[in-house]
2 protein chains.
Amino acid sequence: MADPRNDLETLIELMAKLPGLGPRSARRAVLHLIKKRGVLLSPLAEAMTRVGQTARECLNCGNIATGDLCDICTSEKRANGQICVVEDVADLWAMERAAVFRGRYHVLGGTLSALDGIGPEELRIPKLRDRISAESVSEVILALGATIDGQTTAHYIVDELPGVTVTSLAQGVPVGGELDYLDDGTITAALNARKSL
Amino acid sequence: MADPRNDLETLIELMAKLPGLGPRSARRAVLHLIKKRGVLLSPLAEAMTRVGQTARECLNCGNIATGDLCDICTSEKRANGQICVVEDVADLWAMERAAVFRGRYHVLGGTLSALDGIGPEELRIPKLRDRISAESVSEVILALGATIDGQTTAHYIVDELPGVTVTSLAQGVPVGGELDYLDDGTITAALNARKSL
Ligand SMILES: [Zn+2]
Ligand SMILES: [Zn+2]
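Computed from a predicted model, the values in this text were never measured in an experiment.

Draft legend 1. Geometry of the side chain of Arg27 of chain B. Note on placement: Arg27 of chain B falls in helix α2 (residues 23–35). Comment: no salt bridge for buried Arg27 of chain B; closest opposite-charge side chain is Asp91 of chain A, at 9.6 Å. Once residues lying within four places of it in the same chain are set aside, the contact partners of Arg27 of chain B are Trp93 and Arg97 of chain A together with Ile12 of chain B.

Draft legend 2. Geometry of the coordination of the zinc ion (ligand 1). Residues and elements named next belong to chain A. Protein coordination of the zinc ion (ligand 1) is provided by Cys58 (SG), Cys61 (SG), Cys70 (SG) and Cys73 (SG), with donor distances spanning 2.3 Å. Given four donor atoms and angles of 105 to 117 degrees at the metal, the environment of the zinc ion (ligand 1) is assigned as tetrahedral. Binding-site remark: the zinc ion (ligand 1) is held by donors from one chain whose sequence spacing is C-x2-C-x8-C-x2-C. On the accessibility criterion, Cys61 (2% relative accessible area) is buried.

Draft legend 3. Up close: the side chain of Glu139 of chain A. All names here are of chain A. Tracing the sequence through the fold places Glu139 in strand β5 (residues 139–142). A polar side-chain atom of Glu139 sits 3.1 Å from a polar atom in the side chain of Gln82. Residues in contact with Glu139, not counting those within four places in the same chain, are Gly81, Gln82, Ile83, Thr165 and Thr167.

Draft legend 4. How the structure looks around the packing of helix α6 (residues 125–134) of chain B against helix α7 (residues 148–160) of chain B. Residue and element names in this part refer to chain B. Taken N-terminus to C-terminus, the directions of α6 and α7 make an angle of 40 degrees; their axes are 11 Å apart at the nearest point. Between α6 and α7, the angle is such that the two are oblique. As α6 runs across α7, the sense of the crossing is right-handed. Along the contact surface, α6 presents Ile125, Leu128 and Arg129, while α7 presents Tyr156, Ile157 and Glu160. Its residues placed into classes, the contact of α6 with α7 shows four nonpolar, no polar and two charged.

Draft legend 5. Local environment of the interface of chain B and chain A. Between chain B and chain A, the residue contacts involve 45 residues of the former and 45 residues of the latter. Overall, the association of chain B and chain A removes approximately 4600 Å² of surface from exposure, summing both partners, and the carbon and sulfur fraction of that is 72%. The interface formed by chain B and chain A contains three salt bridges. Here chain B is connected to chain A by six residue pairs in polar contact (both at pLDDT 80 or more). Element by element, the count of residues in the side of chain B that touches chain A is highest for helix α3 (residues 37–54) of chain B, at 13 residues. Along the lines of polarity and charge, the residues of the side of chain B that touches chain A split into 28 nonpolar, five polar and 12 charged.

Draft legend 6. Region of the structure containing the coordination of the zinc ion (ligand 2). Residue and element names in this part refer to chain B. The protein atoms that coordinate the zinc ion (ligand 2) are Cys58 (SG), Cys61 (SG), Cys70 (SG) and Cys73 (SG), at distances of 2.3 to 2.4 Å. For the zinc ion (ligand 2), the four donor atoms are set out with angles of 105 to 117 degrees between them, so the coordination reads as tetrahedral. Within one chain, the residues serving as donors to the zinc ion (ligand 2) are arranged as C-x2-C-x8-C-x2-C. One exposure class covers both Cys70 and Cys73, and it is buried.

Draft legend 7. Quick look at the sheet that holds β5 of chain A. Residues and elements named next belong to chain A. Strand order in this open sheet of four strands is β4-β3-β5-β6, and the pairing throughout is parallel. Every interior strand has two partners, whereas the edge strands, β4 (104–107) and β6 (165–168), have only one. For this sheet, the mean inter-axis angle between neighbouring strands, taken without regard to orientation, is 25 degrees.

Draft legend 8. The arrangement of the packing of helix α2 (residues 23–35) of chain A against helix α3 (residues 37–54) of chain A in detail. Residue and element names in this part refer to chain A. Where α2 contacts α3, the two axes come as close as 6 Å, and the packing angle between them is 115 degrees. As the angle between them shows, α2 and α3 are arranged roughly perpendicular. Contact with α2, carried on its side by His32, Leu33, Ile34 and Lys35, involves Arg37, Leu40, Leu41 and Leu44 of α3 and no other residues of that element. Split by residue class, the contact of α2 with α3 holds five nonpolar, one polar and two charged.

Draft legend 9. Examining the confidence of the model for chain A more closely. Taken over all residues, the pLDDT of chain A has a mean of 88, while the share at 70 or more is 96%. Scored by ipTM, the complex comes to 0.78, with pTM at 0.77.

Draft legend 10. Region of interest: the environment of Asp88 of chain A. Residue and element names in this part refer to chain A. You can see Asp88 is positioned in the loop between β3 (82–86) and α5 (89–98). Counting along the chain gives 26 residues from Asp88 to Gly62, while the straight-line C-alpha distance between them is 8.5 Å. From its side chain, Asp88 meets the backbone nitrogen of Ala90 in a polar contact 3.2 Å long.

Draft legend 11. Structural detail: unusual backbone geometry. You will see that Ala99 of chain A, though not glycine, has its phi angle at about 55 degrees, which is positive. Relative to the helices and strands, Ala99 of chain A is located in the loop between α5 and β4. Phi is positive for Arg124 of chain B, close to 60 degrees, though the residue is something other than glycine. In this structure, Arg124 of chain B sits in the loop between β4 (104–107) and α6.

Draft legend 12. Highlighting the sheet that holds strand β3 (residues 82–86) of chain B. Residues and elements named next belong to chain B. Spatially, the five strands line up as an open sheet ordered β4-β3-β5-β6-β7, and their pairing is mixed. In the strand order of this sheet, the two ends are held by β4 and β7 (195–196), each with one partner. As judged from the four bridges shared by β3 and β4, these two strands associate in the parallel manner. Note on β4: the bridge partner recorded for Val86 is Val107. Sitting on the sheet, helix α5 (residues 89–98) touches β3 and β4, and the angle it makes with β4 is about 160 degrees.

Basis of the calculations
Residues numbered from 1 in each chain as written. Chains lettered and ligands numbered in written order. Predicted model: local features only at pLDDT ≥ 70, side-chain atom pairs only at ≥ 80, totals over all residues. Heavy atoms only, no water. Helix = DSSP H or I, 4+ residues; strand = E, 2+ residues; numbered from the N terminus. Buried < 20%, exposed > 50% of the residue type's maximum accessible area, 1.4 Å probe, protein only. Lys, Arg positive; Asp, Glu negative; His and termini not counted. Salt bridge = Lys/Arg side-chain N within 4 Å of Asp/Glu carboxyl O. Contact = heavy atoms within 4.5 Å. Donors = N, O, S within 2.8 Å, 3.2 Å for Na, K, Ca; no water. Tetrahedral: all angles 85-135°; square planar, octahedral: opposite > 155°, others 65-115°. Polar contact = N/O pair within 3.5 Å; in protein donor to acceptor, adjacent residues only side chain to side chain. Axes fitted to C-alpha atoms, helices over the stretch in contact; angles between N-to-C directions. Parallel < 35°, antiparallel > 145°, perpendicular 65-115°, else oblique. Left-handed = near helix turned anticlockwise from the far one by under 90°. Nonpolar A, V, L, I, M, F, W, Y, C, P; charged D, E, K, R; others polar. Buried area = accessible area lost by both parts, 1.4 Å probe. Pairing = 2+ DSSP bridges. pLDDT = per-residue confidence, 0-100.

Next comes the structure, spelled out in structure tokens:
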């Protein structure tokens, strides 16, 4: 059995590894957890244990699943012939919160990056190609970041899927966004994609 | 058995209750946990479970303990006749990191606050009075924040402990500053320049 004093230090060290928390905020968080033992610490430990036992990667799309396939891939309602390609699961969740897309997803797990040595095989792109015919896909919608790597990845996917309609999220002024706060690239993109009213 | 999909949502909701994390950073943290299941999620769940089972409040000083008394209260080496009074355990940890104080602590659990209805009974002040004779205390060092409530609490403690030498951390604690935000050097300088009240 481990030294109980070390359990506390171990907990702080592990918490400090979470994105968004450093050593100081990890200590604060652990003190908060101990104060709220009944309503927070115990439920959190249980939720982590259960998620650790059940969560896995959907074999089809890369979303988080509790079986071989995720809820979206098993739902017939989501088989509308559209696949939205995102970089990671956080982007999939952002799309789902917008509640505007009714098709399925494909989570790349990143973007092509010569610098980081990330090629197509690392990105689940071969699996995307397989899904086109397997799921009678009519349109692939790219929802990738407006970064250089994101755009490189977009161009690669277009080349990899000849004969498939590939579209991309529009670039422009965010809803509620003030022009004065936008970077030049966004303004340029918005101007180039201007529409007749 | 709970719906496994809800486990993930429950985990995100609980994580969002931690200080320093909001809904967005909680989602990011949970995705990170799932990606690092073996090296982070499982050890974290175990550490939380163990801390939840073992951590309690030291009956003497209010520090976090694994038995009735904390390591500092059970260590004879720390019985040097000095008690350092802090607001909370985070402040105690900050003092210990500075590694300059060799006595024991007394964790008030807050400061007197008419506004928040916090009186002496809520603050473990009666227990502090008991310890003066029980532990042959020669000096009580107040390491309270340089806030109005902190200073009110300091004056109250001085009045409550007639005949006891009560000192306070020196100027060097910035006005309005909280102890836990200070670097080790500032804490060391403030302790060394402490003044009699
Ligand atoms: Zn899926
Ligand atoms: Zn103690």
